[in-house]
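# Structural overview
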Amino acid sequence: MPKVTANGIEIHYEEHGDPADPAMLLIMGFGAQLTLWPDELVEALAGHGYRVIRYDNRDVGLSHKLDGVKAPGLVKMTLMSKIGLTPKVPYTLADMAADGIGVLDALEIEKAHIVGASMGGMIAQHVAAKYPDRCLSFTQIFSTTGNPKLPPAKKEALQALVTRPKNNDEDVLVDHGIMLARTIGSPGYPSPEDRLRERTRTSVRRSFYPEGPTRHLSAIVADGDRREMLKDITVPTLVLHGEDDPLVPCEGGRETAECISGAKLETIPGWGHDLPLELVDPLAGHIAGHARQATN
């Protein structure tokens with residue numbers, strides 16, 4: 001897999017589509033490797049006429065790991081945030097946004113369509129707000145504003161996300177990954193067992209690094225409420241969200257669209273916090289259609 005030095009660290013990435021086509025940068029979420037963007041979705045976007053680039057965020061997959069760097073505990077960070085203090089964390093979502101811009105720099109891409117999912121949507125918000133001259137459009141997928149008053153994740157979804165596997169045996173890791181995927185996934189579009197197991201095993205074999213998500217989580221908590229920042233976004237914006245998302249309730253997407261002037265909102269019933277095969281074509285159509293409209 002190709003790699004670049006971006007924002008001073010090593011980032012692994014993949015490209016699909018014609019290099020002459022407009023670039024589209026996909027930013028994945030919390031603790032997730034670039035492979036969580038389904039190949040079918042990536043190929044569908046490339047088929048719509050885009051040079052699609054997906055990459056591993058820092059601390060996940062094959063990108064740079066901050067071994068030995070400790071993040072403050074979740075309870076401490078939450079308490080500090082409630083009293084208006086910003087906890088000191090290893091890195092911020094703004095740093096991760098600079099990583100994405102660094103990927104574009106390394107590939108000599110002046111402007112790109114920015115697509116972010118979950119935590120990747122939060123990172124993409126920073127890209128759109130702070131680097132508007134590098135953005136052709138912005139699409140947010142099942143993400144939120146950071147407003148602490150929004151409905152929280154369902155208890156079982158949050159518990160599944162933060163619970164660690166019992167040990168590092170491959171079968172245990174695969175079963176744990178399937179449990180997480182089932183808990184936060186789409187009730188209207190359940191993944192076939194054989195496909196889910198195969199994808200999860202491939203992911204585990206590619207990389208297993210449990211320390212990374214701890215630092216990802218600290219970056220999310222420290223980022224706080226982004227509503228004021230969102231009001232500054234002028235990049236053409238599309239917000240996509242599942243109406244049955246148990247991890248990031250749909251209200252987060254709705255509020256994002258309300259904060260960004262001119263933003264469009266599309267919600268889908270039965271869709272949870274994953275990217276099921278049945279939604280590949282409609283999602284690719286929404287994303288590519290928005291990208292075309294933004295540049296016409």
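Everything numeric here is computed off the predicted structure, so don't read it as measured data. (Residues numbered from 1 in each chain as written. Predicted model: local features only at pLDDT ≥ 70, side-chain atom pairs only at ≥ 80, totals over all residues. Heavy atoms only, no water.)

## Remarks on the overall build of the protein
Under the convention used in this document: Secondary structure is summarised from DSSP: a helix means a run of H or I of at least four residues, a strand means a run of E of at least two, and numbering begins at the N terminus for each. As defined in this context, the radius of gyration uses C-alpha atoms, and a globule is described by 2.2 Å times the residue total to the power 0.38. Throughout, exposure labels follow a simple rule: accessible area from a 1.4 Å probe, protein chains only, divided by the maximum for the residue type, with under 20% read as buried, over 50% as exposed, and the rest as partly exposed. By definition, residues are in contact when any of their heavy atoms lie within 4.5 Å.
The helix and strand inventory of the protein stands at eleven helices and eight strands. The globule rule puts the C-alpha radius of gyration for 296 residues at 19 Å, and the 18 Å found for the protein is close to it. Over its C-alpha atoms, taken along the principal directions, the protein stretches across nearly 50 × 45 × 40 Å. Considering the protein as a whole, with its 296 residues, one finds that 52% of them fall into the buried category. Counting contacts in the protein only where the partners sit at least 6 residues apart, residues at least 24 apart contribute 78% of the total.

## Notes on the confidence of the model for the protein
The predicted structure's coordinates, where accompanied by low pLDDT, should not be read in detail. In plain terms, the rule: Residue-level confidence of the predictor is what pLDDT reports, using numbers from 0 through 100.
Taken as a whole, the protein shows an average pLDDT of 95; of its residues, 100% reach a score of 70 or greater. Confidence scores differ between elements of the protein, with helix α2 (residues 74–82) showing the lowest mean pLDDT of 73 and strand β3 (residues 23–27) the highest of 99.

## Here's the deal with the sheet that holds strand β4 (residues 51–55)
Using the following cut-off: At least two bridges found by DSSP between two strands are what make those strands a pair. Angular values range over 0 to 180 degrees, each being the angle between N-to-C directions of two axes fitted as lines to C-alpha atoms, with helices fitted over their stretch in contact.
Ordered in space as β1-β2-β4-β3-β5-β6-β7-β8, the eight strands form an open sheet in which the pairing is mixed. For this open sheet the edge positions go to β1 (3–6) and β8 (264–268), each flanked by a neighbour on one side alone. If you compare each strand with its neighbour and ignore which way they point, the axes differ by 25° on average. In this structure, β3 lies alongside β4, joined through five bridges in parallel fashion.

## Describing the packing of helix α3 (residues 93–106) against helix α4 (residues 119–130)
This is how it is decided: Roughly parallel means an angle under 35 degrees; roughly antiparallel means over 145; roughly perpendicular covers 65 to 115; every other angle is labelled oblique. Any residue that is not Ala, Val, Leu, Ile, Met, Phe, Trp, Tyr, Cys, Pro, Asp, Glu, Lys or Arg is counted as polar, Gly included; the first ten are nonpolar and the last four charged.
It is the contact of α3 with α4, at a shortest axis distance of 8 Å, that shows an interaxial angle of 75°. Judged by the inter-axis angle, α3 sits roughly perpendicular to α4. Note on element contacts: α4 touches α3 through M119, M122, I123, H126, V127 and K130, opposite L93, A94, M96, A97 and I101. Looking at side-chain class alone, the contact of α3 with α4 contains nine nonpolar, one polar and one charged residues.

## Overview of the pairing of strand β5 (residues 112–117)
For the record, the criterion: The handedness of a crossover follows from its direction of travel: if, with the strands pointing away from the viewer, the path from the first strand over the helix to the second runs clockwise, the crossover is right-handed.
The buried fraction of β5 amounts to six of the six residues, a majority that puts the element mostly inside the structure. Of the two faces of β5, both are covered, the one formed by A112, I114 and G116 as well as the one formed by H113, V115 and A117. Two elements, β3 and β5, share five bridges in a ladder whose sense is parallel. Of the residues in β5, the one forming a bridge with L25 is I114. Relative to strand β6 (residues 135–141), β5 runs parallel, the two being bridged by six bridges. Looking at the pairing, H113 lines up with S137 of β6. A crossover links β5 with its parallel partner β6, the connecting element being α4, and its sense is right-handed.

## Some thoughts on the pattern of salt bridges
Spelled out, the test is: Take a side-chain nitrogen of Lys or Arg and a carboxyl oxygen of Asp or Glu: if they are within 4 Å of each other, that pair is a salt bridge.
Taken as a whole and assessed by the stated rule, the structure comprises 18 salt bridges. With its nearest N and O atoms 2.8 Å apart, the salt bridge here joins R206 to D56. Remark: D56 occurs in the loop between β4 and α2 and R206 occurs in helix α7 (residues 193–206); sequence separation between them is 150 residues. Under the relative-accessibility criterion, D56 is labelled buried at 0%. Measuring nitrogen to oxygen at the nearest pair gives 2.5 Å for the salt bridge that ties R201 to E170. Within this pair, whereas R201 is found in helix α7, its partner E170 is found in helix α6 (residues 170–184), the two being separated by 31 residues in sequence. Of the residues examined, E170 reaches a relative accessible area of 27% and is grouped as partly exposed. One network of salt bridges, with partners in common, ties together E170, D171, R201 and R205.

## Regarding the pairing of β6
Of all seven residues in β6, six are buried; the element is thus mostly enclosed. In this structure, β6 lies alongside strand β7 (residues 237–242), joined through four bridges in parallel fashion. Its bridge partner lying in β7, T139 is registered against L238.

## Looking at the packing of α2 against helix α8 (residues 211–223)
Running from N to C, α2 and α8 cross one another at 10°; their axes reach a closest spacing of 10 Å. By the angle class used here, α2 and α8 are roughly parallel. Where α2 approaches α8, its residues L74, M77, T78 and S81 are matched on the opposing element by L217, S218 and V221. For the contact of α2 with α8, the class distribution of residues is four nonpolar, three polar and no charged.

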